[in-house]
Amino acid sequence: MWNYWVGGKDYYEIDKQVGDQVAAAYPGVGDVARHSRAALGRVVRHLAEAEGVRQFLDVGTGLPTHDNTHEVAQRIAPETRVVYVDNDPLVLVHARALLVGRPEGRTDYVECDVRDPERILAEAARTLDFAAPVGLIMFGIMGNVVDDAEATAIVRRLVDALAPGSFLALNDGTGSVDRKAREEAVKIAVEQGSTPYVDRSPEELAGFFEGLELLEPGIVPTSRWRPDPSPFGPPPEVDAACGVGRKP
């Protein structure tokens, strides 16, 4: 469904059907998807360009679309290494065909659930050097871990494995704009076989960044994390929040 909402082409008819049902109940879902995708590009661009990050661990990547993490990063630094992680076998099939990086760098894919951080780290270590800074990307994934303590432990374990100078970039739904519609949308998706999802407030999302130095502008609506200049003023608020923190 996410691939469908962001304008991709790699989805089944059932994804479109359920995606349309979800969008009918919660019209803002398309904006969340598109702004989250755009924010991913801005975050990766900033980390590669301004912070000099040359390694990325993208957990919960989803189906490849346009401007994937390796494409954005390797346009800036072709030698960048990127490891994608997802637990959907369909993503694995597409990843092998589409997530092909520049020959100067490396791109790899790990089929693993976010609830197994030890395996994620072990598999990613084949490509990434954890003694050097890494950009840990966790966009739209931690809402699938509904237990707060478990979610915090997962993020903490991954961040603990990173070298000083690494970054955590996290984006997730908040329900701040239209919680009732979001809850109805999640209910529809779960009834059709999707994974349960929990919204967390920006204050709750801040807990994932404990011990990290938040970059400006802090944890803000995803559409407003360092948006590109526009003559139309600031972008509208969406039902998701994004933040980037540096490990001291």
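Residues numbered from 1 in each chain as written. Predicted model: local features only at pLDDT ≥ 70, side-chain atom pairs only at ≥ 80, totals over all residues. Heavy atoms only, no water.

Visitor: Would you explain the overall build of the protein in this entry?
Guide: For the protein, the helix and strand inventory stands at nine helices and eight strands. Computed over its C-alpha atoms, the radius of gyration of the protein comes to 17 Å, within 12% of the 18 Å expected for a compact globule of 248 residues. With the C-alpha coordinates aligned to their principal axes, the bounding extent of the protein is approximately 45 × 40 × 35 Å. Here the protein holds 248 residues, and the buried ones make up 49% of them. Sequence separation of at least 24 residues holds for 75% of the intrachain contacts in the protein that already meet a minimum separation of 6. When the accessible area of the protein is evaluated, it comes to approximately 11300 Å², of which 51% is carbon and sulfur surface. Taking the average place of the 26 positive charges on the side chains of the protein and the average place of its 39 negative ones, the gap between the two points comes to 4 Å. (Helix = DSSP H or I, 4+ residues; strand = E, 2+ residues; numbered from the N terminus. Rg over C-alpha atoms; globule rule 2.2 N^0.38 Å. Buried < 20%, exposed > 50% of the residue type's maximum accessible area, 1.4 Å probe, protein only. Contact = heavy atoms within 4.5 Å. Areas by Shrake-Rupley, 256 points an atom, 1.4 Å probe, with all protein chains shown as cover. Lys, Arg positive; Asp, Glu negative; His and termini not counted. Charge placed at Lys NZ, Arg CZ, Asp CG, Glu CD.)

Visitor: Before we go on, may I ask you to explain the nonpolar core in this structure?
Guide: Buried together is how nonpolar side chains tend to be arranged in soluble globular proteins. Counting residues in hydrophobic clusters, the biggest one holds 31 residues, and the most contacted among them are Leu57, Leu136, Met138, Met142, Leu168 and Leu170. Where this core is concerned, the elements lending two or more residues are strand S1 (55-59), strand S2 (81-86), helix H6 (117-124), strand S4 (135-139), helix H7 (148-160) and strand S5 (167-173). Residue contributions to this core peak at five residues, all from H7. Discounting chain neighbours no more than four positions away, the residues touching Leu57 are Val83, Val85, Ile120, Ala124, Leu128, Phe130, Val134, Gly135, Leu136 and Ile137. (Core = buried A, V, L, I, M, F, W, Y, C linked by side-chain atoms within 4.5 Å.)

Visitor: Mind showing me how you'd approach the layout of surface pockets here?
Guide: Gaps left between atoms are located by rolling a probe of water-molecule size over the structure's atoms. Empty space within the second largest pocket amounts to approximately 160 Å³. For the lining of the second largest pocket, the secondary-structure elements that each account for two or more residues are helix H3 (29-49) and helix H4 (69-76). In terms of residue count, the dominant contributor to the lining of the second largest pocket is H3 (five residues). Taken together, the residues that form the lining of the second largest pocket break down as two nonpolar, two polar and six charged. (1 Å grid on protein atoms, 1.4 Å probe; cavity = no way out; pocket = protein on both sides within 12 Å on 5 of 7 lines; lining within 4 Å. Points joined across faces, edges and corners; volume = space filled by probe spheres on them. Nonpolar A, V, L, I, M, F, W, Y, C, P; charged D, E, K, R; others polar.)

Visitor: Is there a simple way to explain the packing of H3 against H4 in this structure?
Guide: In a packed pair of helices, the relevant descriptors are the angle between the two axes and the axis-to-axis distance. Direction vectors running N to C along H3 and H4 enclose 35°, while the axes themselves pass 9 Å from each other. When the axes of H3 and H4 are compared, the crossing they make is right-handed. Of H4, the residues touching H3 (which contributes Leu40, Gly41, Val44, Arg45, Ala48 and Glu49) are Thr69, Val72, Ala73 and Ile76. Considering only residue class, the contact of H3 with H4 consists of six nonpolar, two polar and two charged. (Axes fitted to C-alpha atoms, helices over the stretch in contact; angles between N-to-C directions. Left-handed = near helix turned anticlockwise from the far one by under 90°.)

Visitor: How should I be thinking about the pattern of salt bridges in this particular structure?
Guide: Note that side chains of opposite charge can pair when their charged atoms are close. Evaluation of the coordinates by the stated rule reveals 13 salt bridges. The salt bridge involving Asp108 is made with Arg126; its shortest N-O contact spans 3.6 Å. Here Arg126 lies in the loop between H6 and S4 and Asp108 lies in strand S3 (residues 106-111), a separation of 18 residues in the sequence. You can call Asp108 partly exposed: its relative accessible area is 24%. (Salt bridge = Lys/Arg side-chain N within 4 Å of Asp/Glu carboxyl O.)

Visitor: How should unusual backbone geometry be read in this particular structure?
Guide: As a rule of thumb, non-glycine residues mostly have phi less than zero, and peptide bonds are mostly trans rather than cis. In this structure, Pro217 follows Glu216 across a cis peptide bond, with omega equal to 10°. Note on placement: Pro217 falls in the loop between strand S6 (213-214) and strand S7 (220-221). Of note in the backbone geometry, Arg226 takes a positive phi value of approximately 45° without being a glycine.

Visitor: Please clarify how H7 should be interpreted in this entry.
Guide: Think of an α-helix as 3.6 residues a turn; residues three or four steps apart then line up on the same face. Taking 1.5 Å of rise per residue, 13 residues should cover 18 Å, and H7 covers 18 Å from first to last C-alpha, within 8% of that figure. Those residues of H7 that sit buried are Ala151, Ile154, Val155, Leu158 and Val159. Looking straight down H7, one finds its buried side chains confined to an arc of 125°; they lie on one side. Exposed residues on H7 whose side chains face more than 90 degrees from its buried face are Ala149 and Asp160. Those residues of H7 that are buried are in contact with H6, S4 and S5. (Expected span 1.5 Å × (residues − 1). Arc of directions from axis to C-beta.)

Visitor: Sorry, what's going on with the side chain of Asp86 here?
Guide: Here Asp86 shows up in strand S2. Buried and unpaired, Asp86 has no salt bridge, with Arg37 as the nearest side chain of opposite charge at 9.6 Å. Polar contacts involving the side chain of Asp86 include one to the main-chain amide nitrogen of Thr61, which spans 3.5 Å. Contacts of Asp86, omitting those with residues within four sequence positions, involve Gly60, Thr61, Gly62, Val91, Tyr109, Val110, Glu111 and Cys112. (Polar contact = N/O pair within 3.5 Å; in protein donor to acceptor, adjacent residues only side chain to side chain.)

Such coordinate-based values are descriptive only and should not be taken to indicate function.
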